[in-house]
Amino acid sequence: MSESVNYGYLNGEFKPVNEINVSIESKGFNYGLGCFGGVRAYWNETQSQLYIFRALDHFKRLALSAKILVMSPPNSPEESVAILKELLRKNDTRQNTYIRPLLYHDSNEITPEFLEDDTSFAIYTRPLNHYFNTDTGLKLCVSSWRRISDNSIPGRIKATGAYVNSALAKHQAKKAGYDDAIFLTESGEVSEASAAHIFIVRNGKLISPPSTTDNLEGITRRTVLEIVAPELGLEVEERKISRTELYVADEVFLCGTGAEIAPVTEIDSRIVGDGKVGEISKKCQSTYWDIAKGNNEKYLNLLTPIW
Ligand code: PMP
C-alpha cells in the first residue's frame, strides 16, 4: 500500500498504472474494438467512507457491451466489483474518484474481426470532483453531427470506437463557445449529449428520450426515472423529444455518472425557462447526490462501501 503509487489492474494483476501498456498492434487500439464503463465513488467525509455508486449495475452493463462486441470477459460482474474494491483499497482512495473499467480485443491480427478468446480486462481510477459545472447552468447547442444509429455502431453500449462521434460533437460545441452538444438521431429526434443523457421538464413532469433513440442504456437516467423522481413525487415520461421542444421546455438538465445532474440554462442561444437554474433540476440534483454519496439510508443498498 502506498499513497504515491497509483495502481491499476490488468488481467489478474495490480500494477502501477504507468507500467500498464497496450501494444500498438492491439486491435483494441487499432480499431477501437473495446468497451468501457464509467463508475463513480464518492468520499463521504462525515462517515469517513468511500462509496461506489451502483457498482454491480455498471459491471452488468459492461457485460452487455461485451456481448454485443463478441467478447469473453474473464470475470463475472460480481468478481469485477471485488477486483475494483481491492484496487480502491490498494490506492488508499479517500476522495471523489472516477473509475474506468475496460474490456478490449487484444490480439494483433490485422483483420478488424472479433475473436472470442482475446479479451483483456483493465481498470484504472483517478480523482474527479465535477465533470461539468453543476451550479450555474450549462450552455448547449444542437450538434450538426448526428448520433450514431443502432444499425451502424450501437449507442446503447459504451463502445470505445463510438466515442469518435462524441468527440466530433464536443469539439464543434466547445470551439463555438458552448459547454456541450446535444445529438439528434438520424431521423431528427433528440438523443443525448456527448457523454450524458438529457431530461426536459414541462409542466412539472420529467421527460427523457428512451434508449431506442440511439442513446446509452444509462444508469443515472434510470436512477432519475426510478428513484429520484418518485422520491420527489414527480411524474416521468419516456418518449421522443423533438428539437424545438428543447427551446420551450421549462427546465433542462443533463445527467450521467460523470456529468452528475447538471442544469442547462441556454440551448442554441435561447434561454431555457427564465434563464436561471430550475427549481426541479436543483431538487433532482440534491436528491441524487444524497443517494449517491450515502446520505440517504433508504438507498444504501445501491452503494458498495470500501472501508
Ligand atoms: N451517454 C453517453 C454517450 C455516455 O458516455 C454517458 C456516460 N457514461 C452517459 C450517457 C451517461 O450514462 P451513465 O448515467 O450510465 O453514466
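Novice: Tell me about the domain arrangement of the chain, and please be specific about residues and values.
Specialist: Domain annotation of the chain identifies domain 1 (7-127) and domain 2 (138-292). Computed from C-alpha atoms alone, the centre-to-centre distance between domain 1 and domain 2 is 25 Å. Residue-level contacts link 21 residues of domain 1 with 21 residues of domain 2. In this assembly, domain 1 packs against domain 2 so that about 1,700 Å² is buried in total across both faces, 64% of it on carbon and sulfur atoms. Three residues, Phe 36, Phe 53 and Arg 61, lead the burial of domain 1 against domain 2; their summed loss comes to 36% of the area buried on that side. In this structure, Glu 260 engages Arg 40 in a salt bridge whose closest nitrogen and oxygen atoms are separated by 3.7 Å.

Novice: How would you sum up the packing of aromatic side chains? Please name residues and give values.
Specialist: All told, the structure shown has seven aromatic pairs when counted by the stated rule. Following the ring pairs from residue to residue traces out a cluster consisting of Tyr 9, Phe 14, Phe 59 and Phe 121. Here the guanidinium or amino end of Lys 90 rests over the ring plane of Tyr 7, the centre of that ring lying 4.7 Å away. The side chain of Arg 94 reaches across the aromatic face of Trp 307, ending 4.1 Å from its centre.

Novice: Quick rundown of the nonpolar core? Include the residues and the values.
Specialist: Judged by nonpolar contacts, the single largest core of 28 residues is most densely connected at Ile 52, Ile 99, Phe 121 and Ile 123. Where this core is concerned, the elements lending two or more residues are β1 (7-10), β4 (39-44), β5 (49-53), α2 (55-68), α3 (77-90), β6 (97-105) and β7 (119-127). At five residues, the largest contribution of residues to this core is made by α3. The residues that make up this core include at least three from each of domain 1 (7-127) and domain 2 (138-292). Phe 121 has contacts with Tyr 9, Leu 10, Asn 11, Phe 59, Leu 62, Pro 74, Asn 75, Ser 80, Ile 83, Pro 101, Leu 102 and Leu 103, leaving out every residue within four places of it along the chain. In this structure, Tyr 42, Tyr 51, Ile 280 and Trp 289 belong to the second largest nonpolar core, which totals 24 residues.

The rules behind these values
Residues numbered from 1 in each chain as written. Predicted model: local features only at pLDDT ≥ 70, side-chain atom pairs only at ≥ 80, totals over all residues. Heavy atoms only, no water. Domains from an automatic or database assignment. Contact = heavy atoms within 4.5 Å. Buried area = accessible area lost by both parts, 1.4 Å probe. Salt bridge = Lys/Arg side-chain N within 4 Å of Asp/Glu carboxyl O. Phe/Tyr/Trp six-rings, centres within 6.5 Å; stacked < 30°, edge-to-face > 60°. Lys NZ or Arg CZ within 6 Å of the ring centre and 35° of its normal. Core = buried A, V, L, I, M, F, W, Y, C linked by side-chain atoms within 4.5 Å. Buried < 20%, exposed > 50% of the residue type's maximum accessible area, 1.4 Å probe, protein only. Helix = DSSP H or I, 4+ residues; strand = E, 2+ residues; numbered from the N terminus.

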